[in-house]
Amino acid sequence: MAKYEKVEVTTDLLILGGGMAACGAAVEASYWAKKNGIKVTLVDKAAMDRSGAVAMGLSAINQYVGLHEGKNSIRDYVDYVRMDLMGIIREDLVANIARHVDSSVHLFEKWGLPIWKDADGRYVHEGRWQLMINGESYKVIVAEAAKNALQEAGGEYYERIFITDPIVDGDRIAGAIGFSTRENKAYVFKAKAVIVSMGGAVHVFKPRSTGEGLGRAWYPPWNSGSSAYFTLRAGAEMTSQEVRFIPVRFKDAYGPVGAWFLLFKSAATNSDGGNYMVERRPELENWKPYGLVKPIPANLRNWLGMLDVMEGKGPIFMRTAEAIQKIAAEAGDEKAAKKKLKELEAEAWEDFLDMTISQAILWAANNVEPEKQSSEIAAAEPYFIGSHSGASGAWVSGPEDLQTGETKSEYFWGYNHMSTVKGMFCAGDASGASSHKFSSGSHAEGRICGKAAVKYIVENNTQPAVDGGAVEKMLADQFKPLDIYEEFKGKTTDPEINPHYIKPKMFMFRLQKIMDEYVGGVSAQFATNKACLDRALELLTFLKEDSEKLAAEDLHELLRCWENVQRMWQAEAHTRTILFREETRWPGYYRRTDFPVMDENDWHCFANCRWIPGKNEWEMIKRPMLHVYPKAQEHELIGG
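Note that the structure is a prediction, hence the values are computed from the model and not measured.

## Let's talk about the overall build of the chain
Within the chain, the regular secondary structure consists of 20 helices and 21 strands. Taken over C-alpha atoms, the radius of gyration comes to 24 Å for the chain, in line with the 26 Å a tight globule of 640 residues would show. With respect to the principal axes defined by its C-alpha atoms, the chain has extents near 75 × 60 × 50 Å. In the chain, 75% of the contacts between residues at least 6 apart in sequence involve partners at least 24 apart. Only carbon and sulfur atoms are counted for the fraction: they give 51% of the accessible area of the chain, which is about 24,400 Å². A gap of 1 Å separates the mean positions of the 76 positive and 87 negative side-chain charges of the chain.

## Observations regarding the environment of Leu353
In this structure, Leu353 sits in helix 10 (residues 334-353). Note: C-alpha distance between Leu353 and Met56 (297 residues apart in sequence) is 9.1 Å.

## A look at the nonpolar core
As a rule of thumb, nonpolar side chains are buried together in soluble globular proteins. One finds Leu16, Tyr77, Ile163, Phe189, Phe230, Trp260 and Ile377 to be the most contacted residues of the largest nonpolar core, which totals 152 residues. Here this core gets twelve residues from one element, more than from any other, and that element is helix 18 (residues 555-580). Trp260 has contacts with Phe250, Lys265, Ser266, Met318, Thr320, Ile324, Ala348, Asp351, Phe352, Trp363 and Pro370, leaving out every residue within four places of it along the chain. Ranked by size, the runner-up nonpolar core spans 45 residues in total, among them Ala33, Phe108, Ile133 and Ile141.

## Re the environment of Ile97
Examined against the element boundaries, Ile97 turns out to sit in helix 3 (residues 91-111). A C-alpha to C-alpha distance of 31 Å links Ile97 and Leu579, two positions 482 residues apart in sequence. In this view, Ile97 contacts Gln63, Ser434, Lys437, Gly441, Ala444, Glu445 and Ile448; residues no more than four positions away in its chain are not counted.

## A look at the pattern of salt bridges
Throughout the structure, instances matching the rule amount to 50 salt bridges. Between Asp120 and Arg122 there is a salt bridge, with its nearest N and O atoms 3.0 Å apart. For the pair Asp120 and Arg122, one class covers both residues: exposed. The salt bridge involving Glu183 is made with Lys185; its shortest N-O contact spans 3.7 Å. Judged by relative accessible area, which is 39%, Glu183 ranks as partly exposed. Look at the salt bridges and you will find they share partners, linking Glu242, Arg581, Glu583, Arg585 and Glu600 into a network.

## Describing the sheet that holds strand 7 (residues 161-169)
Two orientations exist for strands paired in a sheet by backbone hydrogen bonds: parallel and antiparallel. Strands sit in the order 1-9-8-7 across an open sheet of four strands; the sheet is mixed. Pairing within the sheet leaves two strands with one partner each, and these edge strands are strand 1 (5-10) and strand 7. Strand after strand, the sheet turns through a mean of 20 degrees between neighbouring axes, direction not considered. Strand direction decides the pairing type here: strand 1 and strand 9 (residues 185-190), joined by six bridges, are parallel. Following the sheet pairing, Glu5 is matched in strand 9 by Lys185. Packing of helix 5 (residues 226-233) onto the sheet brings it into contact with strand 7 and strand 8 (172-180), and relative to strand 7 it is tilted by some 20 degrees. Most of the contacts of helix 18 go to strand 7, to which it runs at about 50 degrees, and overall it touches strand 7 and strand 8.

## As for a nonpolar patch on the surface
Residues Met56, Leu353, Ile357 and Ile361 make up a contiguous nonpolar surface patch of roughly 370 Å² in combined accessible area. Within the secondary structure, Ile361 sits in helix 11 (residues 357-365). Residue classification places Ile361 among the exposed positions, given a relative accessible area of 54%.

## A short note on the confidence of the model for the chain
Where the model shows low pLDDT, its predicted coordinates should not be examined in detail. Residues with a pLDDT of 70 or more make up 98% of the chain, whose mean pLDDT is 93. Every residue in residues 632-640 is under pLDDT 50, and counting partners more than four places away or in other chains gives 16 contacts.

## Regarding helix 17 (residues 530-546)
Helix length check: helix 17 (17 residues) gives 24 Å between terminal C-alpha atoms against 24 Å at 1.5 Å per residue, within 8%. Every buried residue belonging to helix 17 is among Leu533, Ala536, Leu537, Leu539, Leu540 and Leu543, and all of these are buried. Taken together, the buried residues of helix 17 touch helix 16 (504-518), strand 18 (527-528), helix 18 and strand 19 (591-592). N-cap assignment for helix 17: the residue whose side-chain oxygen lies 3.1 Å from the backbone N of Ala531 is Asn529.

## Some words on the sheet that holds strand 13 (residues 268-269)
Reading across from one edge, 12-15-14-13 is the order of the four strands in this open sheet, with antiparallel pairing throughout. Since the sheet does not close on itself, it has two edges, and those belong to strand 12 (248-250) and strand 13, each with one partner. Of the strand pairs in this sheet, strand 14 (residues 316-318) and strand 15 (residues 375-379) are connected by three bridges, and their pairing is antiparallel. Across the sheet, the residue bridging to Phe317 is Glu376, located in strand 15.

## Re the side chain of Ser389
Relative to the assigned elements, Ser389 resides in the loop between strand 15 and strand 16 (393-394). At 3.4 Å, the side chain of Ser389 forms a polar contact with the side chain of His388. Sequence-distant contacts of Ser389, that is, excluding residues within four places in its chain, are made with Asp84, Leu85, Phe245, Ala298, Ser435, His436 and Tyr589.

## Considerations on the side chain of Asp12
Checked against the element boundaries, Asp12 lands in the loop between strand 1 and strand 2 (13-16). With a relative accessible area of 11%, Asp12 lands in the buried category. A distance of 2.8 Å separates polar atoms of two side chains, one belonging to Asp12 and the other to Lys192.

## Let's talk about the packing of helix 1 (residues 20-36) against helix 4 (residues 138-152)
Each pair of packed helices gets described by two things: the angle between the helix axes and the distance between those axes. At their nearest, the axes of helix 1 and helix 4 sit 8 Å apart, and the two run at 25 degrees to each other. With respect to their mutual orientation, helix 1 and helix 4 come out roughly parallel. As for how helix 1 packs across helix 4, the hand of that crossing is left-handed. In contact with Met20, Cys23, Ala26, Val27, Ser30 and Lys34 of helix 1, helix 4 contributes Tyr138, Lys139, Val142, Ala143, Ala145, Ala146, Ala149, Leu150 and Glu152.

## Some words on the pairing of strand 9
Regular strands place side chains that alternate from one sheet face to the opposite one. A large share of strand 9 lies buried, amounting to five of its six residues. In terms of strand pairing, strand 8 meets strand 9 through five bridges, oriented antiparallel. Within the sheet, the bridge partner assigned to Phe179 lies in strand 9 and is Ala186. A loop of four residues connects strand 8 with strand 9, the two strands running antiparallel in sequence.

Reading guide: rules and limits
Residues numbered from 1 in each chain as written. Predicted model: local features only at pLDDT ≥ 70, side-chain atom pairs only at ≥ 80, totals over all residues. Heavy atoms only, no water. Helix = DSSP H or I, 4+ residues; strand = E, 2+ residues; numbered from the N terminus. Rg over C-alpha atoms; globule rule 2.2 N^0.38 Å. Contact = heavy atoms within 4.5 Å. Areas by Shrake-Rupley, 256 points an atom, 1.4 Å probe, with all protein chains shown as cover. Lys, Arg positive; Asp, Glu negative; His and termini not counted. Charge placed at Lys NZ, Arg CZ, Asp CG, Glu CD. Core = buried A, V, L, I, M, F, W, Y, C linked by side-chain atoms within 4.5 Å. Buried < 20%, exposed > 50% of the residue type's maximum accessible area, 1.4 Å probe, protein only. Salt bridge = Lys/Arg side-chain N within 4 Å of Asp/Glu carboxyl O. Pairing = 2+ DSSP bridges. Axes fitted to C-alpha atoms, helices over the stretch in contact; angles between N-to-C directions. Patch = residues over 30% accessible without salt bridge, like charges linked within 9 Å, V, L, I, M, F, W, Y side chains within 5 Å. pLDDT = per-residue confidence, 0-100. Expected span 1.5 Å × (residues − 1). Polar contact = N/O pair within 3.5 Å; in protein donor to acceptor, adjacent residues only side chain to side chain. Parallel < 35°, antiparallel > 145°, perpendicular 65-115°, else oblique. Left-handed = near helix turned anticlockwise from the far one by under 90°.

As structure tokens, this is what we get:
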């Protein structure tokens, strides 16, 4: 048996994660906790300064409504998000974040984040909702504020602790267990409420980058589906698990394209020089009303490019040189043009150095000068993310004051952003059906959860019961891969190949192969059907059985074992939900070849799922898509 020290921590509010949402939760919860004599504890898998999707930095804040500027309204943002997600969003959640997000951005600036300003002192927008920033230290600044808030309120935080399973008391959350990735310690956290904000999932599907590029991805490679696994295992209802996100990015290093499209006004063309956004425009008629709005939904932009690739017109190129030369030429005379060209060149490189250093390295390694030549872009492998243009996550209660009529019975059950498990709140990539919150909105959503969770504790101020025997069994299971390795490592001459166990990397490759080939990955041109999905579920059943034989040589491999168990659960939730929804609503993210069109009559709804603890059964659920705001007329949305 693996030897470890057991550490028990009892708190009031437990925040799981260290990214933007967790930092927002820490700041807000600490404020209210101090007023109510409540203890807040944060636990992070990494170190808060560089934890989460903003770890490396960002070149733009992608959600800023700018309500005080008077140009946008909350409804404007809700309409934008609804149309981008092909009609399926929780309007109450999106509106709630939209009305709070500006204050988070203003806090970032107060804490020291440099936000670009024009000559008149106004924020520089990359697009309607985006602000340009010098964001290489974005996460460091936000994390410092979170740590200061915890300290001032008498709270605490733990780093380098990987959370595995939830502790539940009937239908109420009671805490979590985990282990140190640095020491032989097991942790048992007991709490009255828990905020889940442990990110989304990458490497569920086989990535485009393999071999020497293994581990390279658009979304942080260490995000393994911890949020989805934790909420599923607690028995929470999940939503939009079929809505994976596929970003189009600069090929091979996943560099961002947003600044090129929005700021530099660059065009993307096929290998013949044809602009697929123009030449394929008639295809958008097939996806009305969503295909006729501006901006065109992200998945449909993907789809038009994919049609070119499937017809053999690839690769797709971003015409960076033409865009830069055009802007420089508009600057005036030759001297002004040269000066502008230098500025644009610096901005182009900084866009990557702020957030995707690997892309700058790849450009340099391939002698790419963006002001002189075009660069390839390509659709990445699928990701599970609730904060970008995806929507997967837990089904959570909306705010009471935004409910109208029938939405209150469907979308509200007591506390803002609480899941269907009492006392368990979800923020960032952990909460579903409220996409386009990005970094700033995730922080705002964390703040919403922090305040609501403290309110829950004040009104339910009892410590849930913790079954000691169940916890001991979970701890034993947690360290089981170490025991398996020690028992069987001598049975072969190569510890990587053994009939008695499977190592985490081989397990991950097997999962990725299943998902790539049968559930619509890159090699399948993002297409699937019932036969493929049924086969995937069969193979996932075998994989789940073999997960009992995962082996770990050390704590690092133990971490990798559990990351891949979490990915496997995310994969099953996705496969079951994509099978359940019998239509194609998000071409460009995935398509059902057996149901190739959108079905507004039967599927203008949420496809939810729930794993039932104790029964090992899955329940599939339809939930209605209801409007908080009266639905805008089609003519209002076109061009707006």
